[in-house]
Each structure stands twice: as structure tokens, then as C-alpha cells.
Amino acid sequence: MPRLLIVEDSSTVMRVLKHLASTRLPNVDTVFATSMAEAKQAFIQNPDFYAAIVDLNLPDAPDGEVVEFTLKQGVSTIVLTGNFNEQRRKSLVDSGVVDYVVKESRHAYHYALKLARRLKTNHRIKVMVVDDSKMSRNHIRNLLERHLYRVIEAQDGLEAIEQMGIHPDVRLVITDFEMPNMDGFKLVNEIRSKFDKRGLAIIGLSSVESGILSAQFIKHGANDFLNKPFYPEEFYCRISQNLEAIELIEEIEDAANRDYLTGLYNRRAFFERAEALISKAQKKQVPTSFCIIDLDNFKLINDEYGHACGDEVLKRFARLFDKHCEKFLYARIGGEEFAMVMVGLDNDKALTLVNGLRQALVAQAIEWDGKQFHVSFSGGVITDSEGSVDHLYNRADEMLYRAKEAGRNMVFGND
Ligand SMILES: Nc1nc2c(ncn2[C@@H]2O[C@H](COP(=O)(O)OP(=O)(O)OP(=O)(O)O)[C@@H](O)[C@H]2O)c(=O)[nH]1
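Since the structure is predicted, the reported quantities are computational estimates derived from the model, not experimental observations.

The next thing to look at is the overall build of the chain. The number of helices and strands found in the chain is 15 helices and 17 strands. The globule rule puts the C-alpha radius of gyration for 415 residues at 22 Å, and the 28 Å found for the chain is more than 25% above it. Its C-alpha atoms put the chain at 80 × 60 × 30 Å along the principal axes. Counting all 415 residues of the chain, 34% fall into the buried class. Of the contacts formed within the chain by residues at least 6 apart in sequence, a portion of 64% connects residues at least 24 apart.

Judged from the 4 bridges that link them, strand E12 (residues 329-332) and strand E13 (residues 337-343) form a sheet pairing that is antiparallel. Each bridged residue has a counterpart across the sheet, and for tyrosine 330 the counterpart in E13 is methionine 340. Between E12 and E13, which pair antiparallel one after the other, the connecting turn spans 4 residues.

Generally speaking, nonpolar side chains in soluble globular proteins are found buried as a group. Core analysis: the biggest nonpolar cluster contains 43 residues, and Cys291, Ala331, Ala339, Ala350, Val354, Val381 and Ala396 have the highest contact counts within it. Counting residues in each nonpolar core, the second largest holds 33 residues, with Leu5, Leu58, Val75 and Tyr109 among its members.

Okay, the environment of alanine 245 next. Relative to the elements of secondary structure, alanine 245 occurs in helix H10 (residues 232-257). Distance in space between the C-alpha atoms of alanine 245 and alanine 201 is 9.0 Å, their sequence separation being 44 residues.

Moving on, we come to the sheet that holds strand E4 (residues 76-81). One open sheet accounts for 5 strands, arranged E2-E1-E3-E4-E5; its pairing is parallel. Looking at which strands have only one partner, the edges of the open sheet turn out to be strand E2 (29-33) and strand E5 (99-102). Taken over all neighbouring pairs, the strand axes of this sheet differ in orientation by 15° on average, direction set aside. Direction of pairing for strand E3 (residues 49-55) relative to E4: parallel, over a ladder of 5 bridges. Counted as the bridge partner of aspartate 55 is leucine 80 from E4.

Glancing now at the domain arrangement of the chain. The assigned domain composition of the chain is domain 1 (3-120), domain 2 (123-255) and domain 3 (267-412). Taking the mean C-alpha position of each, domain 1 and domain 2 sit 29 Å from one another. Contacts between the two partners involve 7 residues from domain 1, matched on the other side by 6 residues from domain 2. Looking at side-chain class alone, the side of domain 1 that touches domain 2 contains 3 nonpolar, 2 polar and 2 charged residues.

This part takes up the pairing of strand E11 (residues 288-295). Burial analysis of E11 places 8 of its 8 residues in the buried class, which makes it a mostly covered element. Because side chains alternate across E11, one face comprises the buried residues Thr288, Phe290, Ile292 and Asp294, and the other comprises Ser289, Cys291, Ile293 and Leu295, equally buried. With 7 bridges connecting them, E11 and E13 associate as antiparallel partners. The residue of E13 that forms the bridge with cysteine 291 is methionine 340.

We now examine the sheet that holds strand E7 (residues 150-154). Adjacent strands of a sheet form backbone hydrogen bonds with each other and so pair up, either parallel or antiparallel. What the 5 strands build is an open sheet, ordered E7-E6-E8-E9-E10; its pairing is parallel. Pairing within the sheet leaves two strands with one partner each, and these edge strands are E7 and strand E10 (224-228). Across the sheet, the axes of successive neighbouring strands diverge by a mean angle of 20°, strand direction being ignored. Here strand E6 (residues 126-130) runs beside strand E8 (residues 170-176); their pairing, made up of 5 bridges, is parallel. Pairing of valine 129 across the sheet is with isoleucine 174, part of E8. Across the sheet, helix H6 (residues 134-146) lies against E6, E7 and E8, angled at about 170° from E7, the strand it touches most.

Tracing the backbone through its elements, the reader meets glycine 82 in the loop between E4 and helix H4 (86-95). In sequence terms glycine 82 and asparagine 57 are 25 residues apart; their C-alpha atoms lie 8.3 Å from each other. The residues touching glycine 82, leaving out its near neighbours within four places in the chain, are Asn57 and Lys103.

Moving on: the confidence of the model for the chain. For the chain, per-residue confidence averages 93 on the pLDDT scale, and 99% of positions sit at 70 or higher. For this predicted complex, the interface score ipTM comes out at 0.97, while the overall pTM is 0.75.

Parameters and conventions
- All residue numbers refer to positions counted from 1 along the written sequence of the respective chain.
- Reporting in this predicted model follows two pLDDT cut-offs: at least 70 for local features of residues, and 80 or more for side-chain atom pairs to be given and counted; totals over whole chains, interfaces and linings ignore these cut-offs and use all residues.
- Secondary structure elements follow DSSP: runs of H or I no shorter than four residues count as helices, runs of E no shorter than two count as strands, and numbering proceeds from the N terminus.
- Atoms counted for the radius of gyration: C-alpha only. Globule rule: 2.2 Å times residue count to the power 0.38.
- Partly exposed residues are those falling between the two cut-offs: more than 12 but fewer than 20 other C-beta atoms within 10 Å of their own, whereas 20 or more means buried and 12 or fewer means exposed, with C-beta atoms placed from the backbone.
- Contact between two residues is assigned when their C-beta atoms, built from the backbone, lie within 7 Å.
- Pairing between strands is defined by DSSP: at least two bridges between the two strands are required.
- In these notes, a nonpolar core means any group of buried Ala, Val, Leu, Ile, Met, Phe, Trp, Tyr and Cys residues linked to one another through C-beta atoms within 7 Å.
- Axis definition: a line fit to C-alpha positions, over the contact stretch in the case of helices; interaxial angles, taken between N-to-C directions, run 0 to 180 degrees.
- An automatic or database domain assignment supplies the residue ranges for each domain.
- Residue classes follow a fixed rule: Ala, Val, Leu, Ile, Met, Phe, Trp, Tyr, Cys and Pro count as nonpolar, while Asp, Glu, Lys and Arg count as charged, and any other residue, Gly among them, counts as polar.
- Values of pLDDT, which run from 0 to 100, indicate the predictor's confidence residue by residue.

Written as C-alpha cells, this is what we have:
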């Protein structure tokens with residue numbers, strides 16, 4: 001579990017920070033210290049902190065010595081300070097802290113914790129910096145690395161397009177305008193026409209004197225712009241705002257693709273993905289199997305134990321899919337009906353997998369209202385090197401029907 005250090009001597013502030021850490025950072029091991037001595041002790045016990053939130057003025061470190069200490073340990077440091085002035089701001093930014101937060105209100109502590117949460121995941125986010133000036137690239141790289149982002153560089157638009165091909169998971173492009181070979185506008189156009197707009201933000205850089213450039217960047221498809229020179233604080237705010245907007249859209253899209261009860265893909269999302277997977281596999285002549293699963297006598301479970309119990313069975317079954325079939329595409333496509341596409345599995349292998357899932361379900365005792373019962377399913381598995389998803393679905397459904405007719409709790413494969 002990632003570890004975060006919080007150093008704060010005020011008991012009131014500490015109470016707020018402890019509460020926020022427990023609610024906002026549940027998957028972080030947060031260590032609390034009330035003095036420089038305790039902070040040092042925490043490092044002796046285990047120096048493996050990914051970040052620290054530290055109070056600038058402590059009784060045994062009145063002049064920011066704790067900041068020097070955590071930075072020296074190579075830990076990304078967020079500073080809490082009660083007194084703010086320009087000289088202090090500059091010295092903190094120059095020293096390499098991630099950010100400073102003035103202790104004005106609860107919002108300040110929310111901000112610090114939000115920043116700590118971002119730092120935890122930033123190492124997974126690739127940012128590409130496109131600028132023909134090495135000095136400028138270095139400056140932006142340093143700022144980004146201070147926030148633990150993964151940085152890729154390109155010196156003009158052409159190289160940027162090439163890098164995008166190598167790193168299709170780049171989430172943010174920061175690009176200058178004036179560059180040889182391909183300028184910033186052309187680059188934004190190219191990126192927007194060649195790559196999926198979702199999940200990729202672009203920030204254009206332009207100097208204040210060039211005025212209209214910023215608006216032009218947006219018209220060409222950038223999400224935002226920054227006037228050079230910029231304050232690091234503004235730079236970070238723009239970056240996190242743009243990344244948060246992408247993440248929010250992804251969350252909404254994900255929710256629209258998921259079944260609310262089980263969290264599995266829903267029918268629409270499944271068929272969209274199945275179509276693409278199956279046609280790709282057929283072109284490459286990779287064996288692919290399609291399966292339909294239907295829980296047995298599910299109406300009886302509802303009738304006997306109630307709808308809430310039926311829901312619980314569906315949720316438990318979904319977790320079995322996660323455990324046994326994680327490499328494949330599966331979904332809840334109707335009430336007690338599920339489907340799966342198994343790329344790379346011929347009919348025998350697919351039958352083995354689905355029968356394993358069936359046995360796992362049958363083995364699981366469900367306890368409800370002091371009673372215990374077991375659930376089974378019937379399934380149909382079809383493997384065909386051609387035919388549309390609809391065709392595979394109909395054939396698998398036919399096999400499922402035969403399995404039900406034959407007595408349930410079994411899986412039928414190709415004829
Ligand atoms: N609890 C619960 N029940 C659901 C949900 N969606 C569908 N059902 C119920 O699932 C039951 C399906 O019943 P049937 O189609 O008769 O099938 P069955 O009882 O499983 O019988 P066989 O498929 O022939 O084994 C119906 O009673 C639906 O109300 C749901 O989201 N939650």
C-alpha cells in the first residue's frame with residue numbers, strides 16, 4: 001500500500017487531516033507525525049513514502065527545516081503554511097516542493113489531500129511535451145516530474161505524431177505553437193483526426209504578446225492554453241483540471257456501459273465490443289468461442305427468498321466471472337442471462353472454462369434468512385470461424401435451450 005506522511009503540530013488541523021485522509025485516501029497507509037523528530041523517526045522505521053504533507057513551522061523546526069528534510073529524502077512534498085508572502089512562495093517553488101497550501105479554511109486541507117491523491121496515480125499518466133526549445137522542454141519536464149507524471153518529449157509536430165504512435169496511451173499533450181516541420185496548430189489538427197478525442201487532452205502554449213494564438217489553439221481542437229511565461233501554480237491547475245475533466249467523462253461513459261446491479265458490462269456495451277473482437281479474431285483466424293449462460297430456476301429463488309436475495313445471487317455470480325474469466329469479455333445481457341466471448345479458446349477449451357465457472361457457482365452455498373441453498377446455470381458454447389455476432393448468439397442460445405431441456409446445470413458445445 002502506498003505510504004503518505006503528514007506532519008502537523010496543531011491538534012485541530014491534525015484532526016481535520018486525519019478525517020480527510022481516512023475518507024479521501026482509503027487505500028493509502030497514512031503516517032502522522034506532530035514534530036520534525038517524529039517525522040525523522042517515521043523515516044527510520046520505513047522510508048518508503050510516495051509523498052508528504054508537511055507544516056512549514058513546527059516547534060522543533062521553526063523555519064521550514066522539515067521541508068528540506070523530506071525533499072532530501074526524495075519525497076514529493078506538499079507544504080502547509082499559515083503565513084504567506086511572495087518571497088516565501090518563490091523560495092518554496094524554487095526548492096522543488098509540489099505545491100504550497102495556505103491554511104485559510106477547510107478547503108485548503110481538501111486541496112492538499114486531493115493533490116496527495118493525484119500524486120498517487122500520476123505515475124500512470126503519460127504527458128507529451130512538444131517544443132523545439134530544449135530549455136523549455138526541460139523546464140516543463142521538471143515541473144511535470146515534480147508531480148510524478150511520466151514525460152515524453154518531442155521537438156516538433158512530426159516527432160510528436162511519431163511518438164503518439166509509439167505511446168497511444170498519452171493522456172495529455174502540451175504543445176508550443178512555433179516549431180519547424182509541423183507547427184502547433186497542424187499538430188493539434190493531426191492528433192484530433194488520427195487519434196480518439198476521448199481520453200486525450202491538449203494544452204497549447206503561446207506567449208502573451210501573440211494574443212489571438214490561444215483562441216486559435218482551441219479552435220483547432222485544443223482543450224486549453226497557457227500563456228508563457230506562466231506561474232508553476234497555474235500550470236499545475238490547468239493540467240489537473242484538464243485531466244480531471246477527462247477522468248470524469250470516462251467515469252460517466254463507464255457507468256453508461258455497466259449494469260447497475262453487478263457492475264458487469266451491459267448488453268449494449270457487450271455487443272459493441274463483441275462485434276469488434278470477433279471480426280478481428282476471424283480476420284486473424286484465431287479460434288473464438290461465444291457463450292450464453294442462464295441461471296437455472298431463478299424465478300423460484302425470487303419467489304422463495306425474495307427479490308433482494310435474487311439480486312445478491314446475481315452479484316455473487318458476477319464476482320465469479322471476475323475471478324474465473326478475467327481475460328475474456330463477459331456481460332450481463334438480460335435479467336439472469338449472461339454472455340461471454342472467449343478469443344483464443346476452441347470449443348473444448350471454452351467448455352472447460354465455462355464448466356469450471358458452473359462448478360464454482362454450484363459449490364458456493366448461499367445463506368439467506370437462516371436457510372442455505374445452491375444455484376446452477378445452463379449454458380451454450382459455440383465456436384465458429386465465421387458468422388456475425390447475431391448468428392453466434394442464436395446458435396449459442398439454441399445450445400442453451402437444449403441444455404435446459406436436458407435437465408439444466410450443464411453446458412452444451414458445438415453440435
Ligand atoms: N432478483 C432479480 N430477479 C430478476 C432480475 N431480472 C430478472 N429477474 C427474474 O428472473 C426470473 C427469470 O425467470 P424465468 O425466465 O422464468 O426463468 P427461470 O426461473 O430462471 O427458469 P429457467 O431459465 O427455465 O431455468 C424472473 O422471475 C425475473 O423477475 C433482477 O435484476 N433481480
